[in-house]
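Okay, here's what each chain looks like letter by letter:
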Amino acid sequence: LAQRQHGGWLPVTAMQKVAQICEVSDMRVYEVASFYTMFNREPRGKYFLQLCGTTPCQVCGAEEIKKTVENHLGIHDGETTEDGLFTL
């Protein structure tokens with residue numbers, strides 16, 4: 001809910017509020033938020049594209065797919081398109 005209220009990302013102030021409500025340390029909330037990829041600790045585009053980088057995915061052509069997406073959108077890992085729609 002905190003992430004949704006902040007436009008799809010979770011600022012430190014929101015994590016601190018979550019910690020207060022849950023009666024746990026700020027660090028515990030930050031650990032969880034930094035471990036799970038579903039929590040965004042910085043603003044993301046409307047569509048957050050995540051590509052598999054494991055060996056089986058690489059064997060099946062993941063790198064080619066990644067290059068195609070990068071070329072089409074004009075962005076690289078961790079970047080967002082100028083219109084704010086896509087983050088890779």
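Predicted, not measured: the structure shown is a model, and the values here were computed from it.

A. Broad picture of the environment of Leu1. Along the chain, Leu1 falls in the segment before α1 (2-5). It is 9.9 Å that separates the C-alpha atoms of Leu1 and Ala14, two residues lying 13 residues apart in sequence.

B. Geometry of the state of the cysteines. Summed over the entire model, instances satisfying the criterion amount to one disulfide. Here Cys52 pairs with Cys57 through a disulfide, and the sulfurs are 2.3 Å apart. Disulfide Cys52-Cys57: the torsion about the S-S bond is 85 degrees, which places it as right-handed. Residue class for Cys57 comes out partly exposed when judged on its relative accessible area of 23%. Note on Cys60: no disulfide assigned, nearest cysteine sulfur contributed by Cys57 at a separation of 6.9 Å. Judged by its relative accessible area of 70%, Cys60 falls in the exposed class.

C. Structural view of the pattern of salt bridges. Under the definition given, this model contains three salt bridges. Residue Glu31 is joined to Arg28 by a salt bridge in which the shortest nitrogen-to-oxygen separation is 3.2 Å. Of this pair, Glu31 and Arg28 both sit in helix α3 (residues 26-35), three residues apart, which is roughly one turn of the helix. Taking relative accessible area as the criterion, Glu31 reaches 37% and is therefore assigned partly exposed. A relative accessible area of 47% means that Arg28 is categorised as partly exposed. Residue Arg44 pairs with Glu42 through a salt bridge whose shortest N-O separation is 3.6 Å. Owing to a relative accessible area of 40%, Glu42 belongs among the partly exposed residues under this scheme.

D. Focus on the nonpolar core. In terms of nonpolar packing, the biggest core is built from seven residues, these being Ala2, Leu10, Ala14, Met15, Ala19, Val29 and Ala33. Among the secondary structure elements, those contributing two or more residues to this core are α2 (12-22) and α3. Broken down by element, the residue count for this core peaks at three residues, all from α2. In this structure Leu10 touches Ala2, Gln3, Met15, Ala33, Phe39, Asn40 and Arg41, once residues within four positions along its chain are discounted.

The rules behind these values
- Residues numbered from 1 in each chain as written.
- Predicted model: local features only at pLDDT ≥ 70, side-chain atom pairs only at ≥ 80, totals over all residues.
- Heavy atoms only, no water.
- Helix = DSSP H or I, 4+ residues; strand = E, 2+ residues; numbered from the N terminus.
- Disulfide = S-S within 2.5 Å.
- Buried < 20%, exposed > 50% of the residue type's maximum accessible area, 1.4 Å probe, protein only.
- Salt bridge = Lys/Arg side-chain N within 4 Å of Asp/Glu carboxyl O.
- Core = buried A, V, L, I, M, F, W, Y, C linked by side-chain atoms within 4.5 Å.
- Contact = heavy atoms within 4.5 Å.

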